[in-house]
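Chain by chain, the residues run as shown.
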Amino acid sequence: MKITIKPSRPGLQLILSTPMFTLAHLTDPHLAPLPSPRPRELAGKRLLGYLNWLRSRKAIHSARVLDAIVKDMLSRSPDHIAVGGDLVNLSLPREFSDARAWLETLGPPDEVSVVPGNHDAYVHVERREGIGQWKAYMRTHAGRSKKLAAGPNGFPYVRRFGDIALIGLSTAIPTPPFAAWGRLDGDQLDALQRILPTLGEEALFRIVLIHHPPLLGLTKWRRSLREAAHLQELLVSLGAELVLYGHNHVQAINVLPERSGTVPVIGAPSASSCRGGTNRLARYNLFRIWFEHGRWRCEMTGRGLRTPGGPVCELEKRLLTG
Ligand SMILES: [Fe+2]
C-alpha cells in the first residue's frame, strides 16, 4: 500500500513506499504472415514495400518467434505491456484488424498500451480502417484534468497505474518511398510540455513510449524523428524516468542527463526478428520499478533469442536507476 506524507515543498508529494510494478516493452512485431494484397492496394509506396517484404523482410519477421516471445512474456505476468509500434507492414486494412486480434491475445486494453510506428502509417489510411481499430489501447486513463489532456489527434495519451504514469506519443506519418521519418506535431509537443511537469510535481515515475528514436544521432536522417532535438530538450529540462522506443530494431541503451539525475533511453529489437546478432534478434525487456529509500529504482531484464533458432532466455539484467 502506498503511504504518503504532506508535500515537503509545494507540489511535491513524497512517496515512502509503493508496490513493485512490472512493465514489459515489446516493439516492432511486424506481424506475419502478410495478408495477400489485392492488385489495387499495391499502388505507390505499398508496391515497393511489398517487393521488399518478399525479397527480405519476410525471412526476418517470424510468427513462430513472436509467439515464443509473447508466451514467455505473458508467463512472467507483467502488470502492463507497452507495444512500441510497427504492428503491421504495409498498412493494409486487414493487417490492422489482424493486429487488433493479436493485441487481444496480449491482454485487455487496460493492461496493454500501444503507440503507432511508421509502418502503421505506411500510406494514408482512414483512421477507422487503420489505427482507429486499436483506439481502446491508446485511450487516456488520467481522468479529466485539463493539464493531462491529449492533443487533438489523441496523443500524447496518459495512463496512470498508482504512482507510475505512461505517456504515449505518436510519430507515425506517411512518408515518401525510401523514407521512414517521424514527426511530433506542435500540439503533441505543447501537450508534453504540460504533462511532464504535471506528473513530475506528483513525483510519479514517468515512462515515455515512442516509436522513433527520441534523441539526435540514433539513426539516419531519412529514418529519424524530425523533432528529436526539441524532444531531447524537453526531456532534459522537464525530466522523465524512462523512455522506450523501437524503429531501429536494435537493443540500445542511452543515458540522458537531466536536472535531477539521468533518463535511461532504451531501444529494443523487433519482437519477431529471427536474423542477425544478439542485439538484433527478437527480444522484449521487462522493467521492475519500485520506490525505496526516497528514490525510484528501475531494473531491466532483457529476454529473447541469443542465437537464431534458439530458445527464449534471459539475455541481461541491469539496474538502470537507483
Ligand atoms: Fe519496424
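Before reading on, note that the structure itself is shown above.
Residues numbered from 1 in each chain as written. Predicted model: local features only at pLDDT ≥ 70, side-chain atom pairs only at ≥ 80, totals over all residues. Heavy atoms only, no water.

Trainee: What should I look at first to understand the overall build of the chain in this one?
Mentor: Scanning the chain from terminus to terminus reveals five helices and 13 strands. Against the 2.2 N^0.38 benchmark of 20 Å for 322 residues, the chain shows a C-alpha radius of gyration of 19 Å, consistent with a compact globule. With the C-alpha coordinates aligned to their principal axes, the bounding extent of the chain is approximately 65 × 40 × 35 Å. For the chain, the residues scored as buried account for 55% of the 322 residues in total. If you take every contact in the chain between residues at least 6 apart in sequence, the share linking residues at least 24 apart comes to 67%. The averaged location of the 28 negative side-chain charges in the chain is 3 Å from the averaged location of its 42 positive side-chain charges. (Helix = DSSP H or I, 4+ residues; strand = E, 2+ residues; numbered from the N terminus. Rg over C-alpha atoms; globule rule 2.2 N^0.38 Å. Buried < 20%, exposed > 50% of the residue type's maximum accessible area, 1.4 Å probe, protein only. Contact = heavy atoms within 4.5 Å. Lys, Arg positive; Asp, Glu negative; His and termini not counted. Charge placed at Lys NZ, Arg CZ, Asp CG, Glu CD.)

Trainee: Help me understand helix α2 (residues 63–75), please; the structure alone is not making it clear to me.
Mentor: Residues separated by three or four positions in an α-helix point in the same direction, a consequence of the helix having 3.6 residues per turn. Here α2 is 13 residues long and its end C-alpha atoms lie 18 Å apart, about the 18 Å a rise of 1.5 Å per residue gives. Within α2 the residues assigned to the buried category are V65, L66, I69, V70, D72 and M73. Seen along its axis, α2 keeps its buried residues to an arc of 165°; they face one direction. Facing away from the buried side of α2 by over 90 degrees, the exposed positions are R64 and K71. The opening residue of α2 is S62, an N-cap whose side-chain oxygen sits 3.2 Å from the backbone nitrogen of R64. (Expected span 1.5 Å × (residues − 1). Arc of directions from axis to C-beta. Polar contact = N/O pair within 3.5 Å; in protein donor to acceptor, adjacent residues only side chain to side chain.)

Trainee: How should the coordination of the iron ion be read in this particular structure?
Mentor: The textbook angles at a metal center are 109.5 degrees for a tetrahedron of four donors and 90 or 180 degrees for an octahedron of six. Coordination sphere of the iron ion, protein contribution only: D28 (OD), H30 (NE2), D86 (OD) and H249 (NE2), at 2.2 to 2.3 Å. For the iron ion, the four donor atoms in the first shell make angles of 85 to 172° at the metal, a pattern classed as irregular. In the primary structure, the donors to the iron ion are separated according to the pattern D-x1-H-x55-D-x162-H. Here H249 lies in the loop between β8 (242–245) and β9 (252–258) and H30 lies in the loop between β2 (12–26) and α1 (45–60), a separation of 219 residues in the sequence. Neither residue differs from the other here; H30 and H249 are each classed as buried. (Donors = N, O, S within 2.8 Å, 3.2 Å for Na, K, Ca; no water. Tetrahedral: all angles 85-135°; square planar, octahedral: opposite > 155°, others 65-115°.)

Trainee: Teacher, can you tell me more about the sheet that holds β9 here?
Mentor: Backbone-to-backbone hydrogen bonds join strands into a sheet, with any given pair of strands oriented parallel or antiparallel. Spatially, β5-β6-β7-β8-β10-β9 is the arrangement adopted by the six strands of the open sheet, whose pairing is mixed. Looking along the sheet, the strands with just one partner apiece sit at the ends: β5 (157–161) and β9. With direction set aside, neighbouring strand axes in the sheet form an average angle of 20°. In this fold helix α4 (residues 186–201) packs onto β5, β6 (164–168) and β7 (205–209), with an angle of close to 175° to the strand it touches most, β6. Against the sheet, helix α5 (residues 228–238) contacts β7, β8, β9 and β10 (261–267), and its axis sits at roughly 55° relative to β9. (Pairing = 2+ DSSP bridges. Axes fitted to C-alpha atoms, helices over the stretch in contact; angles between N-to-C directions.)

Trainee: Just checking my understanding: could you explain the pattern of salt bridges for this structure?
Mentor: In a structure, side chains of opposite charge can pair up when their charged atoms sit close to one another. Taken as a whole, this structure holds 12 salt bridges when the rule is applied. A salt bridge links R76 to D72, with the nearest nitrogen and oxygen atoms 3.5 Å apart. Note that R160 and E202 form a salt bridge whose closest N and O atoms lie 3.1 Å from each other. Residue R160 is found in strand β5, and its partner E202 is found in the loop between α4 and β7; the two are separated by 42 residues along the sequence. (Salt bridge = Lys/Arg side-chain N within 4 Å of Asp/Glu carboxyl O.)

Trainee: Would you mind going over the side chain of D86 with me for this structure?
Mentor: For D86, the position within the fold is in the loop between β3 (80–83) and α3 (93–106). One buried charged residue, D86, forms no salt bridge at all, with the nearest opposite charge on R57 at 5.4 Å. At a separation of 3.2 Å, a polar atom in the side chain of D86 contacts the main-chain amide nitrogen of N118. Ignoring anything within four residues of it in the chain, the contact list for D86 reads D28, P29, H30, G117, N118, H119, D120, H211 and H249.

Trainee: How should I be thinking about the environment of G304 in this particular structure?
Mentor: The residue G304 is located in strand β12 (residues 295–305) in this model. When its relative accessible area of 0% is taken as the criterion, G304 is described as buried. The contact partners of G304, leaving out residues within four places of it in the chain, are I69, A282, R283, P311, V312, C313 and L315.

Trainee: Looking at this model, I keep getting lost on the nonpolar core. Mind explaining?
Mentor: Counting 60 residues, the largest nonpolar core has V83, W102, L103, W134 and F287 as the members making the most contacts within it. Contacts of W134, omitting those with residues within four sequence positions, involve L87, V88, F96, A99, R100, L103, V114 and D120. With 28 residues, the next largest nonpolar core counts V158, L169, L234 and V263 among its residues. (Core = buried A, V, L, I, M, F, W, Y, C linked by side-chain atoms within 4.5 Å.)

Trainee: I'm lost on the pairing of β9 in this one. Help?
Mentor: Each regular strand displays side chains that alternate between the two surfaces of the sheet. Summarising the sheet, β9 and β10 pair through seven bridges and their orientation is antiparallel. The residue of β10 that forms the bridge with L256 is V263. Between β9 and β10, which follow one another and run antiparallel, lie two residues.

Shape descriptors only; they carry no functional weight alone.
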